Amino acid sequence: MSHRAATLLLQEPFTISRSTDEEVEEIFIELELDGLVGYGEASPQEVYGESVESAAAFLDGAEELLGDDPFALEEIERRLAERPGEMAAKAAIDSALHDLCGKLTNQPVWRLLGLDRAGPPTSWTIWLGDPDDMARRAEKAAATYRRLKLKLGGCDGLDVERVRAVRGATDLPLMVDVNEWWSLDEALDALPQLAEIGVEYCEQPLRAGDEGGTTLKERSPIPIYVDEDCHTLADVEECAEIAHGINIKLAKSGGIREGIRMVHAARALRMGVMLGCMLESGLGIAAGCCVAPLCDHVDLDGNLLLREDPWPGVELVDGVQVPSLEPGLGVSARA
């Protein structure tokens, strides 16, 4: 196993309630066996206490845990779980193992998993700005995408106006993501208004762990999906008390295998499932595409927000992120 850090530049500054990014730091890993190489991407998040440096340190000591059989996924996963944290690094290893197994069997990963090739259409993220600016960007995006997710949490009393402005510019289905930035009272005030505008669901309106979660679920006129509250399978049951659905991201769950477990647990609890992503390249998105067919909603636009995707292979077809027919994850590094 080897790994390297890389800086990915965004097309435009990407703003949410708690931060603005113009570039992101990733780690790309390689697993080699018998002349074949499997690739994976780690997208560590500061909000979860991870960094490129901490992920690299984890990876430096992880090769001894892999063994010599890339198909021994359960056993490898158990060994990795004995070392806490660093879920983005673990997701990169999981993706690289799947990529390698696909190449060893000459099959795309989605077929190895027995799943359909494509899932629901991806939403396009309209990052946080003033209402008119968000409406202009939404109108432009409507020519390419079939669903829009609006970032809210401006702390200026204009969040509902942002959604109204966008609704005035397009008839596309709308979702909103507050990234933990509302209080319970703010959410109870805003959500009925968003329901009247036709918003389909609201993602993470309250801070993770907020005691008002149960009340909000009971009183919200639209479904609540949680993101920062839900990381791994162990969180899903508790999230059923505070939300109608969960947002799975491979970089916080630890990879494809854990993501699939979370889908089945959510289904058993009669919860909806969405699949999200970080700001990441086509390598990370390719892994997400393998889980997407199991989900109700998909938000896999991270690679589309980059100035240039260093790992092409995933194709946007009529608003759907479609994985490659090539073996493994089907993406290759751009020179």
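Structure: above.
Just so it is clear, the model here is predicted, and its values are computed rather than measured.

Participant: Mind showing me how you'd approach the sheet that holds strand 1 (residues 2–15) here?
Facilitator: The antiparallel open sheet is built from 3 strands, whose spatial order is 1-2-3. Taken across any chain shown, the strands that pair with only one partner, and hence form the sheet edges, are strand 1 and strand 3 (36–42). For this sheet, the mean inter-axis angle between neighbouring strands, taken without regard to orientation, is 25 degrees. In this structure, strand 1 lies alongside strand 2 (residues 20–33), joined through 10 bridges in antiparallel fashion. Residue pairing across strands places Leu8 opposite Val24, the latter belonging to strand 2. Of the strands in this sheet, strand 1 and strand 2 are in contact with helix 1 (residues 52–60), which crosses strand 2 at around 10 degrees. In the packing of helix 3 (residues 87–105) onto the sheet, the strands contacted are strand 2 and strand 3, and the crossing angle to strand 3 comes to about 155 degrees.

Participant: What is the right way to look at the state of the cysteines in this model?
Facilitator: Here a disulfide denotes a covalent bond joining the sulfur atom of one cysteine to the sulfur atom of another. What the rule picks out here adds up to 0 disulfides. Residue Cys230 stays outside any disulfide, its sulfur separated by 4.0 Å from that of Cys239, the closest cysteine. Cys277 takes part in no disulfide bond, and the closest cysteine sulfur to it belongs to Cys289, at a distance of 9.7 Å.

Participant: Got a minute to help me understand a negative patch on the surface in this structure?
Facilitator: There is a patch of like negative charges on the surface, built from Glu22, Glu23, Glu25 and Glu53. As for its position among the elements, Glu25 is in strand 2.

Participant: Explain a nonpolar patch on the surface to me, please; I cannot follow it from the model alone.
Facilitator: Taken together, the side chains of Leu36, Phe71 and Leu104 make up a nonpolar region of the molecular surface, amounting to roughly 240 Å² of accessible area. Among the secondary structure elements, Leu104 is positioned in helix 3.

Participant: Help me understand the pattern of salt bridges, please; the structure alone is not making it clear to me.
Facilitator: Pairing of side chains with opposite charge becomes possible as their charged atoms draw close. If you walk through the whole model with that rule in mind, you get 25 salt bridges. Note that Arg257 is salt-bridged to Glu77, the shortest N-O span being 3.2 Å. Of the two residues, Arg257 sits in helix 11 (residues 256–268) while Glu77 sits in helix 2 (residues 73–81), which places them 180 residues apart along the sequence. For Glu77, a relative accessible area of 22% corresponds to the partly exposed category. Taking the shortest distance from any N to any O, the salt bridge between Lys249 and Asp227 comes out at 2.8 Å. With a gap of 22 residues between them, Lys249 in the loop between strand 9 (245–248) and helix 10 (250–253) and Asp227 in the loop between strand 8 (224–226) and helix 9 (233–239) connect regions that are remote in the sequence. Comparing Lys249 with Asp227, the two get one shared label, buried.

Participant: Can you help me understand helix 2 in this one?
Facilitator: For helix 2, the set of buried residues is Leu73, Ile76 and Leu80. The buried side chains of helix 2 occupy one side of the element, clustering within an arc of 65 degrees when seen end-on. Residues of helix 2 that are exposed and point more than 90 degrees away from the buried face comprise Arg78 and Ala81. Tucked into the core, helix 2 has its buried residues touching helix 1, helix 3 and helix 11.

Participant: Mind showing me how you'd approach the nonpolar core here?
Facilitator: Soluble globular proteins tend to pack their nonpolar side chains together in the buried interior. If you look at the biggest cluster of nonpolar residues, it comprises 79 residues, and the most contacted ones within it are Leu148 and Ile246. The contacts of Leu148, once residues within four sequence positions are left out, are Ser123, Trp124, Ile126, Ala138, Ala141, Val166, Thr170, Leu172, Pro173, Leu174 and Met175. Among the nonpolar cores identified, the runner-up in size contains 24 residues, and Ile27, Leu31, Leu59 and Ile93 belong to it.

Participant: Just to check I follow, could you spell out the side chain of Ser95 for this structure?
Facilitator: Here Ser95 is to be found in helix 3. Judged by relative accessible area, which is 6%, Ser95 ranks as buried. With sequence-adjacent residues up to four places away left out, Ser95 is seen in contact with Tyr39, Gly40, Ala287 and Leu329.

Participant: What's the story with the packing of helix 5 (residues 131–141) against helix 6 (residues 159–169) in this structure? I'm lost.
Facilitator: Packed helices, taken two at a time, are described by the angle between their axes plus the distance between the axes. Between helix 5 and helix 6, whose axes approach to 8 Å, the crossing angle comes to 35 degrees. Along this stretch, helix 5 crosses helix 6, giving a crossing that reads as right-handed. Every residue of helix 6 that contacts helix 5 at Pro131, Met134, Ala135, Ala138 and Glu139 is listed here: Glu161, Arg162, Ala165, Val166 and Ala169. Taken together, the residues of the contact of helix 5 with helix 6 break down into 7 nonpolar, no polar and 3 charged.

Participant: Before we go on, may I ask you to explain the packing of helix 2 against helix 11 in this structure?
Facilitator: At their nearest, the axes of helix 2 and helix 11 sit 11 Å apart, and the two run at 95 degrees to each other. Classified by the interaxial angle, the pair formed by helix 2 and helix 11 is roughly perpendicular. Across the interface between the two elements, Leu73, Glu74 and Glu77 of helix 2 pack against Arg257, Glu258 and Arg261 of helix 11. Looking at the contact of helix 2 with helix 11 residue by residue, the class counts come to 1 nonpolar, no polar and 5 charged.

Parameters at a glance
- Residues numbered from 1 in each chain as written.
- Predicted model: local features only at pLDDT ≥ 70, side-chain atom pairs only at ≥ 80, totals over all residues.
- Heavy atoms only, no water.
- Pairing = 2+ DSSP bridges.
- Helix = DSSP H or I, 4+ residues; strand = E, 2+ residues; numbered from the N terminus.
- Axes fitted to C-alpha atoms, helices over the stretch in contact; angles between N-to-C directions.
- Contact = heavy atoms within 4.5 Å.
- Disulfide = S-S within 2.5 Å.
- Patch = residues over 30% accessible without salt bridge, like charges linked within 9 Å, V, L, I, M, F, W, Y side chains within 5 Å.
- Areas by Shrake-Rupley, 256 points an atom, 1.4 Å probe, with all protein chains shown as cover.
- Salt bridge = Lys/Arg side-chain N within 4 Å of Asp/Glu carboxyl O.
- Lys, Arg positive; Asp, Glu negative; His and termini not counted.
- Charge placed at Lys NZ, Arg CZ, Asp CG, Glu CD.
- Buried < 20%, exposed > 50% of the residue type's maximum accessible area, 1.4 Å probe, protein only.
- Arc of directions from axis to C-beta.
- Core = buried A, V, L, I, M, F, W, Y, C linked by side-chain atoms within 4.5 Å.
- Left-handed = near helix turned anticlockwise from the far one by under 90°.
- Nonpolar A, V, L, I, M, F, W, Y, C, P; charged D, E, K, R; others polar.
- Parallel < 35°, antiparallel > 145°, perpendicular 65-115°, else oblique.

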